[in-house]
Amino acid sequence: MPEPEQDVVTNLPRPEPAIRQQAGSAPGTTVFGVRNVSIWYSSFQAVTDVSMEIYEHEITAFIGSSGSGKTTVLRSFDRMNDLVPGARLEGEIFYRGQSLYAPEVSPIAVRRRIGMVFQKPNPFPKSIYDNVAYGPRINGIRDKHQLNEIVEHSLRQAALWDEVKNRLGTSGLSLSGGQAQRLCIARTIAVEPDVVLMDEPASALDPIATSAIEDLMQELKARYTIVIVTHNMQQATRVSDRTAFFSVLINDESDTRTGVLVEYGPTGQIFQSPRDPRTQAYVTGRIG
């Protein structure tokens, strides 16, 4: 009889937020260890030879031009690329020391621990309450009192409770863009993930809603590890502890573009004293 999925990935130590490293200090616990990762979609190589460490209770930003592999790498952390026909990964990604792509690891179990917030807010066509309660119900929670507590706690963490507490029965589709994105964040954290991945979570929002999402990220990193893809360099400087700059290798013969990690380090260093001239050119706006 196969092992339960939760035995494969979910029963891992989760240190208390109080022991996390302060931003700018030495790195804390490694959450993801990426070793020489290349990602292919059938015969097309989207990313080549990425190696990096993602640390606990930090916000890590991926920046770079379109087509440089930022989202492809992000989606490899929760195995979303597995859903793309022909996708394959070479190299290794370790999650808290365990191989994320080992044959015995269930992608479904991975996604219970590693949540994703997408670029465009995507509330389910359900009530606000049912949007947040959806994941816990899927995981077997049926007790109404427990669900009520989870919904309120998640909405409070997402800084949305005070705005919706009197209309939990209304459709999640009725919310503004910024509210809808915070609802999606509440839905993600309702299942108590270890990591929250965010793929340009504020790109479709106005400046006020963007500021609210950025403030929320700073609050959430005390409980979660966050990795964000952003095209907004100012946003990366405002919210992230570390930044990874991706660029593109162009093969003129085959007319293909492959993403490559150029430089990775503390955000202040990446923007103020980058070591690679390609990073310097990008962060100063000489290339886009």
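Residues numbered from 1 in each chain as written. Predicted model: local features only at pLDDT ≥ 70, side-chain atom pairs only at ≥ 80, totals over all residues. Heavy atoms only, no water.

## Concerning the overall build of the chain
Part 1: Check the secondary structure of the chain and you find 11 helices and 10 strands.
Part 2: Taken over C-alpha atoms, the radius of gyration comes to 19 Å for the chain, in line with the 19 Å a tight globule of 288 residues would show.
Part 3: Each principal axis of the C-alpha atoms in the chain carries an extent, and together these give about 60 × 50 × 40 Å.
Part 4: The 288 residues of the chain split such that 52% are buried.
Part 5: Put simply, of all contacts in the chain between residues at least 6 apart along the chain, 69% involve residues at least 24 apart.
Part 6: Entry remark: accessible area of the chain is about 13,400 Å², with carbon and sulfur atoms responsible for 51%.
Part 7: Here the chain holds 29 positive side-chain charges and 33 negative ones, and the gap between their average locations is 4 Å. (Helix = DSSP H or I, 4+ residues; strand = E, 2+ residues; numbered from the N terminus. Rg over C-alpha atoms; globule rule 2.2 N^0.38 Å. Buried < 20%, exposed > 50% of the residue type's maximum accessible area, 1.4 Å probe, protein only. Contact = heavy atoms within 4.5 Å. Areas by Shrake-Rupley, 256 points an atom, 1.4 Å probe, with all protein chains shown as cover. Lys, Arg positive; Asp, Glu negative; His and termini not counted. Charge placed at Lys NZ, Arg CZ, Asp CG, Glu CD.)

## Some details on the sheet that holds strand S3 (residues 59-64)
Part 1: If you walk across this open sheet you meet the 10 strands as S5-S4-S1-S2-S10-S9-S3-S8-S7-S6, and the pairing is mixed. A strand with exactly one partner marks an edge of an open sheet, and here the two such strands are strand S5 (98-99) and strand S6 (114-117).
Part 2: The sheet contact formed by S3 and strand S8 (residues 225-229) spans 4 bridges and is parallel. Counterpart to Ile 59 in the pairing with S8 is Ile 226.
Part 3: Taken strand by strand, helix H8 (residues 207-220) contacts S3, strand S7 (195-199) and S8, and its axis lies near 150° from that of S8. (Pairing = 2+ DSSP bridges. Axes fitted to C-alpha atoms, helices over the stretch in contact; angles between N-to-C directions.)

## Structural notes on the confidence of the model for the chain
Residues shown with low pLDDT carry predicted positions that ought not to be read at fine detail.
Part 1: Per-residue confidence for the chain averages 89 on the pLDDT scale, and 91% of its residues sit at or above 70.
Part 2: Scored below 50 in pLDDT, residues 1-25 shows 41 contacts in the model against residues more than four places distant or in partner chains. (pLDDT = per-residue confidence, 0-100.)

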